[in-house]
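The primary structure of each chain is shown beneath.
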Amino acid sequence: MMRVAVVGSGALGAAVADELVRRGLSVVVCTAEESRPPVTDVAFGWLNSHGSAAEPPSAARDQDELARSLGVLRNITATPPLRGVITWNGAVSWASTAAATARFAERSGPGVATVGAEALRQILPGLRVPPPVVAHASDEGMVEPDDLRRAFLARARAGGATVVAALVDRIRARRAGGYELQGTGVALLVVDRIVLACGTGLPALAEQLGEHIEVPGVPAARFTFSAPELRLDRVVSTPAFEIRPSARHGFVGAEDVVPGETETATRARVRASLSAVREAFGLPREPVLGDVTTGVRPIPAGDGVLCAPLASAPGVVAMAAHPGVTLAASLALRAAEQIGNP
């Protein structure tokens, strides 16, 4: 049986491990931080194929790829143990002007429609001053990224995958074929194929195999908060805040981080976001801030998606993507095809 090492157990690594096991391969997942992988831990959890009206248009965003991935996620999460992990309530967003929101909806295609203030009151009850035009993406969803990752990993384990607590820092091609992996937690692991799904750690391992890959780490913050009076059942993205409900945390928000800024500056940005939430929904008191987690999103150059075999190392596939949680399912299929069958 072909043996494959998956280096990394974030959303991408867990999804590809699950897919490889389902195809009958022997899989070992090497993870330095199984409990809280840093990239998945900072992910917002918006399963999004269109973007947000509140953000500048991104020419790099492949809407077809993202839409395919949402379809795959719907299919594979329709049965246990992944059933119920994702909530498909849709998302609303708006720009600073009604004209910009309308342009976003038109550019996004049939998956996004504009709704007026009256219809918005049904979607977002409690919004104090609804904007004149809002973009509504009814096919989008939200998920606790770590729940999705754990569900993929649990199904992979149930199918026979092994998970080892190992920080792989050395990879070497064997003359007899296949590869040797070494590092903290693993003295020597011999495999036939490798999937590198270790985020910003990918370039250093690929370099050992003769391949130069750039995966810049873009900082971001994810925060939790409580607001008992806030009625919300879907993602809301505006120029002032980006939030969603969470069964585990109450509510979750996301904020970009300026590279090099202090933790105090990031927290000030988060508190400004919460003040905007209070103002928008007319809450009687300021939401109570919980945890603030700052991390990096691995965003490959080009279109922000990397899932390809290494030309210099047959049988090794490199994976990194943003948004990785949304793309995990479809990229797992692509990586499995590139690895090949036993």
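Below, the structure is looked at part by part. (Residues numbered from 1 in each chain as written. Predicted model: local features only at pLDDT ≥ 70, side-chain atom pairs only at ≥ 80, totals over all residues. Heavy atoms only, no water.)

Let's talk about the packing of aromatic side chains
Next up, step 1: For the structure shown, the criterion picks out three aromatic pairs.
Next up, step 2: Ring centres 5.3 Å apart and planes at 20° place the aromatic pair Phe225 and Phe251 in the stacked group. Here Phe225 is found in strand 14 (residues 217–226), whereas its partner Phe251 is found in strand 17 (residues 250–256), with 26 residues between them in sequence. Taken as a pair, Phe225 and Phe251 share a single burial class, namely buried.
Next up, step 3: For the ring pair Phe241 and Phe281, a centre distance of 6.4 Å and an interplane angle of 50° mean the geometry is tilted. On the criterion of sequence distance, the pair formed by Phe241 in the loop between strand 15 (235–237) and strand 16 (242–246) and Phe281 in helix 8 (residues 263–281) is long-range, its members being 40 residues apart.
Next up, step 4: Judged by relative accessible area, Phe241 falls into the buried class, the value being 4%.
Next up, step 5: In textbook terms, an aromatic cluster arises when at least three aromatic residues are bridged by ring pairs, as seen for Phe223, Phe225 and Phe251.
Next up, step 6: The ring centre of Trp88 lies 4.0 Å from the NZ or CZ of Arg74, which sits over that ring. (Phe/Tyr/Trp six-rings, centres within 6.5 Å; stacked < 30°, edge-to-face > 60°. Helix = DSSP H or I, 4+ residues; strand = E, 2+ residues; numbered from the N terminus. Buried < 20%, exposed > 50% of the residue type's maximum accessible area, 1.4 Å probe, protein only. Lys NZ or Arg CZ within 6 Å of the ring centre and 35° of its normal.)

Considering the packing of helix 1 (residues 11–22) against helix 9 (residues 324–339)
Next up, step 1: Contact geometry for helix 1 and helix 9: axes closest at 8 Å, N-to-C directions at 45°. It follows that helix 1 is oblique to helix 9 by the angle criterion. Note on packing geometry: the crossing formed by helix 1 with helix 9 is right-handed. Contacts between helix 1 and helix 9 pair Ala11, Leu12, Ala15, Val16, Glu19 and Leu20 from the former with Gly324, Val325, Leu327, Ala328, Leu331, Ala332, Leu333, Ala335, Ala336 and Ile339 from the latter.
Next up, step 2: The residue makeup of the contact of helix 1 with helix 9, split by class, is 14 nonpolar, one polar and one charged. (Axes fitted to C-alpha atoms, helices over the stretch in contact; angles between N-to-C directions. Parallel < 35°, antiparallel > 145°, perpendicular 65-115°, else oblique. Left-handed = near helix turned anticlockwise from the far one by under 90°. Contact = heavy atoms within 4.5 Å. Nonpolar A, V, L, I, M, F, W, Y, C, P; charged D, E, K, R; others polar.)

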